[in-house]
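The residues making up each chain are set out below.
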Amino acid sequence: MTVLRSIRSVFSTLRAAVHAASAVEMHRVPATRDLNTLGIDKDAFRAIHL
Amino acid sequence: MTSPEPQNQRRRDTAALVVAAGLAVIAGVMLWDSARLADLGGYSGVGPASVPRVVAFGLLGLSLWTVIAALKGDFPERPAQNVPPVLWIIAGLAAQLLLLHVTGFSIATGVLFAFTARAFGKTNLAMTLPIGIVFAFAVWAVFSQLLMLHLPAGPLEHLLFPGA
Amino acid sequence: MGAFDFLLQGLATAAEPMMLLYALIGVTLGTAVGVLPGIGPALTVALLLPVTYRLDAAGSLIMFAGIYYGGMYGGSTTSILLNTPGESASIITALEGNKMARKGRGGPALATAAIGSFIAGLIATLLLAFLAPSIVKVALVFGPREYFALMVLAFVTVSAAFGDSALRGLTSLFLGLALACVGIDQLTGQARLSFGVPELLDGIEVTTMAVAMFAVGEALFIAGQRNVQADEVTAVKGSIWMSRADWARSWKPWLRGTFLGFPIGAMPAGGAEIGTFLSYATEKKLTKHPEEFGEGAIEGVAGPEAANNASAAGTLVPLLTLGLPTSATAAIMLAGFQQFGLQPGPLLFATNPTLVWGLIASLLIANAMLLVLNLPMIGLWVKLLTVPKPWLYAGILLFATLGTIGANPSSFELGMLLAFGVLGYVMRLFGYPIAPIVVGLILGPMAEQQLRRALSISQGDWTTLVQSPIAAVLLGIAALALIVPLILRARGKGQVLSQLAGDED
């Protein structure tokens, strides 16, 4: 059960990283959901001058 | 800056429909062009026209998909744009293109330099234009005389480097 | 001879004074463009292609690789001191790094970024050197159909699998493939899509396209942005050196960042950013100081900075061993090889080992140079940050057009630059990724050639494409990489509604 859970967590992190990376390449702030998954504070991210 | 959840904006996206039309036009041009190629497929059955045709059909499909996405409002929100600076840069590039063979590299590129600086907030062309021309001339001297790049010379370049 | 002997021989090549000079120019330029926002390694290499046309091939390639590595180092400086990433792969560094700088710990932040980059670059370059020979051995049996399958896989992963929208990624890719069709057909000599315009017969220059996309398109997009924030440089206060506690907290993130970044760079995933995001998430989960995250945790700088350098080295694995670019910068470097009549891939290891191993070895030297450039000389780079935006972008466009005019001094070429620049602007506006169009333009003709070769060997039998096990597996992965994310995305949308509050799915 925990194994399944951690595999799922790895995949969701990977997916969030992929989505966030493609968003920043376009000078856009990634979706809040992706940032949450990655443990990034949304407001701190907004403060970066993209 | 922000991209709201797609659920909030299920509206028709006219600009995206224009993109879809553009893709369809490109596909049409490719199909028309491939039709006049003699298909020398030989043994393989795949000639010079085959790949353009495949790409064109791909573009047609993507055009259709874009229409669907546009109608559903699936495109991300476009950041609000300040149009005048964008036009200044385009004008600078166009001016350089037109002037290049008339006035030579330095003056044409100086205009581009000044117009770009204008787009980013240095509005005093009387100052930026001379700076741009001098800078572009220095670049011309280094790259055409030392690195042997072919950069078009104009009156200014001939004046200072009579051999150019 | 094993990889180790080759590497030693390469070091002998790379240590020649001229090669050292090329490497030094490369890493200095690379750091500079990394520091300057708005100009990255892909654009710099594209601008240098026409200038290096007459120079030594090995030296120029060593310089390009130095630029690539240097860009990854320099990007962190702006992130930490300005909160403005010089490179999209350094965005995550800004998160914790700028907080550290504001607390007067800018010195240790810059130090952990530079040392982490060095360690990651060192390990990843050695991994590249020891992996390359075995991949080359496998790739030597590849025929046209295997190469075609490999390119299809690269197309799919660059455009559809790893973007946030398969539609926009694929559209960008197909635009690149369409542009790749312009010009004289390689096999039959017929003019395609050139409409009687003689300038189009040679096809569309990759460099013109890349410069237009990365310099003109980017400048237009930045110029058009509203609410421009004033940039403020945070002065480096206090000691630049890391304390014992900083070292103790940094070394594990460096290693983890390296082993996250390297495989992600080697996968055809497009770009070093993914590794940095993963590294940040990992460090935040594993840290013993969770309260510091968001307030300037050194792990959040050390890990991502190691990851972006490792993925730069990872990108070189498929580029050198298979001739397959997996990011925009790699695609431009491939154009650099082709400019000298070289085709990276297994054959190049056999026909020109001096060049390939000299290039790999020079990365080790470049990495050491970068550590020196970036730690004791950090003050110099900080001065670069004070170049005002109008002069910066005016200068970028000056050099962008200089490169294009230098390659081909015609108004037609400049017109293409302008047209593609506007295209790049519109694509950014609508959220289309840029890498697929560049990769499509450069890989399109190669994929077409391999496909037609494979089909003429089989006399037009299309099933030949899946009759080789390697090709079949590669095409299968490509199909999965296209379809699975589409299904996941469709399912994901439904889940958002039911799990608005949850952070796990």
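Fair warning: this is a prediction, and the values are worked out from it, not measured in the lab. Once a new chain begins, its residue numbering starts again from 1 and follows that chain's sequence as written. Key to labels: chains lettered from A, ligands numbered from 1, both in the order written. Totals for whole chains, interfaces and linings use all residues, but because this is a predicted model, local features are given only for residues with pLDDT of at least 70 and pairs of side-chain atoms are given and counted only at 80 or more. Hydrogens and waters are ignored; side-chain quantities use all the structure's heavy atoms.

1. Some details on the overall build of chain B
Consideration 1: Helix and strand assignments come from DSSP, with helices taken as H or I runs of at least 4 residues and strands as E runs of at least 2, each series counted from the N terminus. Secondary structure assignment for chain B yields 6 helices and 0 strands.
Consideration 2: Listed by position from the N terminus, the elements making up chain B come as α-α-α-α-α-α.
Consideration 3: Looking at the 164 residues of chain B, the share that counts as buried comes to 45%.
Consideration 4: Taking as baseline every contact in chain B between residues at least 6 positions apart, the subset at least 24 positions apart corresponds to 57%.
Consideration 5: With the model as given, the accessible surface of chain B reaches about 7,900 Å², and the carbon-plus-sulfur share is 71%. Relative accessibility under 20% of the residue-type maximum defines a buried residue, over 50% an exposed one, and the middle range a partly exposed one, all with a 1.4 Å probe and only protein chains included. Only heavy atoms matter for contacts: two residues are in contact if any of them lie within 4.5 Å across the pair. Per-residue and other accessible areas follow the Shrake-Rupley method at a 1.4 Å probe size, with only the shown protein chains counted as cover for residues.

2. Some words on the interface of chain A and chain C
Consideration 1: The interface is formed by 28 residues belonging to chain A together with 42 residues belonging to chain C.
Consideration 2: Of the roughly 3,000 Å² buried at the junction of chain A and chain C (both faces included), carbon and sulfur atoms supply 61%.
Consideration 3: Note: buried area is the sum, over both parts, of the accessible area (probe 1.4 Å) each one loses when the two are combined. Looking only at chain A, the three residues that lose the most surface to chain C are Met 26, His 27 and His 49 of chain A, adding up to 21% of its buried area.
Consideration 4: We define a salt bridge as a contact between a side-chain nitrogen of Lys or Arg and a carboxyl oxygen of Asp or Glu at a distance within 4 Å. Where chain A meets chain C, there are 0 salt bridges.
Consideration 5: Under this definition, polar contacts are N or O atom pairs within 3.5 Å; protein pairs additionally need one hydrogen-donor-capable and one acceptor-capable atom, and for neighbouring residues in sequence, both atoms have to be side-chain atoms. Linking chain A to chain C there are 1 residue pair in polar contact (both at pLDDT 80 or more).
Consideration 6: Elements with a minimum of two residues in the side of chain A that touches chain C: helix 1 (2–25), helix 2 (32–37) and helix 3 (42–47) of chain A.
Consideration 7: In terms of residues, the side of chain A that touches chain C owes the most to one element, helix 1 of chain A, which gives 14 residues.
Consideration 8: In terms of residue class, the side of chain A that touches chain C is built from 14 nonpolar, 9 polar and 5 charged. Here the nonpolar group is Ala, Val, Leu, Ile, Met, Phe, Trp, Tyr, Cys and Pro; Asp, Glu, Lys and Arg are the charged ones; every other residue, Gly included, is treated as polar.

3. Some thoughts on the confidence of the model for chain B
Consideration 1: The pLDDT score gives, residue by residue, the confidence of the prediction method on a 0 to 100 scale. The share of residues in chain B with pLDDT of 70 or more is 87%, and the mean pLDDT across the chain is 84.
Consideration 2: Below pLDDT 50 for its whole length, residues 1–9 of chain B participates in 14 contacts with residues either more than four positions away or in separate chains.

4. A short note on the domain arrangement of chain B
Consideration 1: Each assigned domain of chain B is listed with its residue range as follows: domain 1 (6–72) and domain 2 (83–160).
Consideration 2: Using only C-alpha atoms to locate each centre, domain 1 of chain B and domain 2 of chain B end up separated by 38 Å. Domain start and end points were adopted from an automatic or database domain assignment.

5. With respect to unusual backbone geometry
Residues and elements named next belong to chain C.
Consideration 1: If you check the backbone angles, Asn 83 has positive phi at about 60° while not being a glycine.
Consideration 2: Among the structural elements, Asn 83 can be located in the loop between helix 4 (57–82) and helix 5 (91–102).
Consideration 3: Phi at Phe 195 takes a positive value of approximately 50°, unusual for a residue other than glycine.
Consideration 4: The residue Phe 195 is located in the loop between strand 2 (191–192) and helix 9 (206–224) in this model.
Consideration 5: The class for Phe 195 is partly exposed, based on a relative accessible area of 46%.

6. Structural notes on the packing of helix 6 (residues 106–139) of chain C against helix 12 (residues 299–322) of chain C
All names here are of chain C.
Consideration 1: Angles run from 0 to 180 degrees between N-to-C directions of axes, and those axes are lines fitted to C-alpha atoms, restricted for helices to the stretch in contact. Where helix 6 contacts helix 12, the two axes come as close as 7 Å, and the packing angle between them is 25°. Considered as vectors, helix 6 and helix 12 are oriented roughly parallel to each other. Pair helix 6 / helix 12 crosses with right-handed handedness.
Consideration 2: Here the contact of helix 6 with helix 12 is composed, by residue class, of 18 nonpolar, 7 polar and 1 charged. The cut-offs work like this: below 35 degrees is roughly parallel, past 145 is roughly antiparallel, 65 to 115 is roughly perpendicular, and the gaps in between are oblique. Here is the rule for handedness: rotate from the far helix to the near one, and if that takes an anticlockwise turn smaller than a right angle the crossing is left-handed, while a clockwise turn gives right-handed.

7. What about the nonpolar core?
Consideration 1: Within the largest apolar cluster, 205 residues are counted, with the highest numbers of intra-cluster contacts made by Leu 59, Ile 89 and Phe 105 of chain B together with Phe 214 of chain C.
Consideration 2: Element by element, the count of residues in this core is highest for helix 4 of chain C, at 15 residues.
Consideration 3: The residue makeup of this core includes at least three contributed by each of domain 1 (6–72) and domain 2 (83–160) of chain B.
Consideration 4: Setting aside residues up to four positions removed in sequence, Ile 89 of chain B forms contacts with Thr 116, Ala 119 and Phe 120 of chain B together with Ala 219, Leu 220, Ala 223 and Leu 397 of chain C.
Consideration 5: Buried Ala, Val, Leu, Ile, Met, Phe, Trp, Tyr and Cys residues form a nonpolar core when they are joined through side-chain atoms within 4.5 Å. Judged by nonpolar contacts, the second largest core, of 25 residues, contains Leu 38 and Ile 40 of chain A together with Ile 92 and Ala 297 of chain C.

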